[in-house]
Amino acid sequence: MNRIRTVLLATAAALLVAGCTTAGPSPLPTGPDAYRNVPERVSQIGMAETIRPGDRLSVRVFGEPELSSDTYAVDATGYLQVPLISDVIASGQSTRELAKELQRRLGKNYLRDASVTVALLERPLATYTVEGSVNQPGVFAVNDNTTLLTALAQARSPIKTAKTDDVLVLRSTDGQKTGGRFNLTDIRRGRAADPQIIAGDTIVVVNSATKSAWQDFLQAVPVFNVFLLVKRD
């Protein structure tokens, strides 16, 4: 009997040690720095008029039918491809600001006194993504009230072995990749703010190696019990 206990304890220790071996933490910030990148509340002023990746635009260049079209589309990186001037950063600008930029660049080398108008014709559904150790990973619709907690609820919550004290939120701001790491337990208990999730965010819930190792141990215990019963017989 003592031998079986020794084997069980040794197995548990080995699994927990293995569980502590990870690839190391994410370089994303925690604490106040994380909330600077992913704040509790994001101002919505002007966001409805701001051009986003995936938007379909109407561009009209007066007297230039070859440059005028209703089929211009902002690519995934936020750029708009326009004949003669190639790529133009469109994401983050208003339609008026983009029209002025197109007018400036066309007038600089190609068209004298260029006159340009831009209109937003179609916008894809705004979404965020949840990946990793959740019950239902996927892409979900976002609105002004979506927070980290509600986003994870849409994904049917983290699984039992998820690392809930280090949940990642990835965000693209002004073409730069930013984000932060958040402690879900602190947020649930009101010890930390629940950050707002916006269109384009990706939430990553990683698996806890220690929790997984413990689950493996608990599943292995019945096997040892069977072995003990067989030995007694």
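Residues numbered from 1 in each chain as written. Predicted model: local features only at pLDDT ≥ 70, side-chain atom pairs only at ≥ 80, totals over all residues. Heavy atoms only, no water.

Undergrad: Whenever I open this one, the environment of L111 confuses me. Can you help?
TA: Within the fold, L111 resides in the loop between α3 (95-109) and β5 (116-122). Residue classification places L111 among the buried positions, given a relative accessible area of 16%. Note: C-alpha distance between L111 and E64 (47 residues apart in sequence) is 9.4 Å. What L111 contacts, discounting residues up to four positions off in sequence, is V61, E64, L67 and L106. (Helix = DSSP H or I, 4+ residues; strand = E, 2+ residues; numbered from the N terminus. Buried < 20%, exposed > 50% of the residue type's maximum accessible area, 1.4 Å probe, protein only. Contact = heavy atoms within 4.5 Å.)

Undergrad: What should I look at first to understand the pairing of strand β3 (residues 79-82) in this one?
TA: Regular strands place side chains that alternate from one sheet face to the opposite one. Judged by which residues are buried, β3 turns out to be one-sided: L80 and V82 face inward and are buried, whereas Y79 and Q81, on the alternate face, are not. Across 4 bridges, β3 lies against strand β4 (residues 86-89) in antiparallel orientation. In the strand pairing of β4, Q81 is matched with D87. (Pairing = 2+ DSSP bridges.)

Undergrad: Please explain the pattern of salt bridges as it appears in this structure.
TA: Opposite charge on two side chains permits pairing when their charged atoms draw close. If you walk through the whole model with that rule in mind, you get 9 salt bridges. The partner of D33 in a salt bridge is R36, with the nearest N and O atoms 2.1 Å apart. With D33 and R36 both in helix α2 (residues 31-37) and 3 residues apart, this pair spans about one turn of that helix. On the basis of relative accessibility, which here comes to 38%, the residue D33 falls in the partly exposed class. (Salt bridge = Lys/Arg side-chain N within 4 Å of Asp/Glu carboxyl O.)

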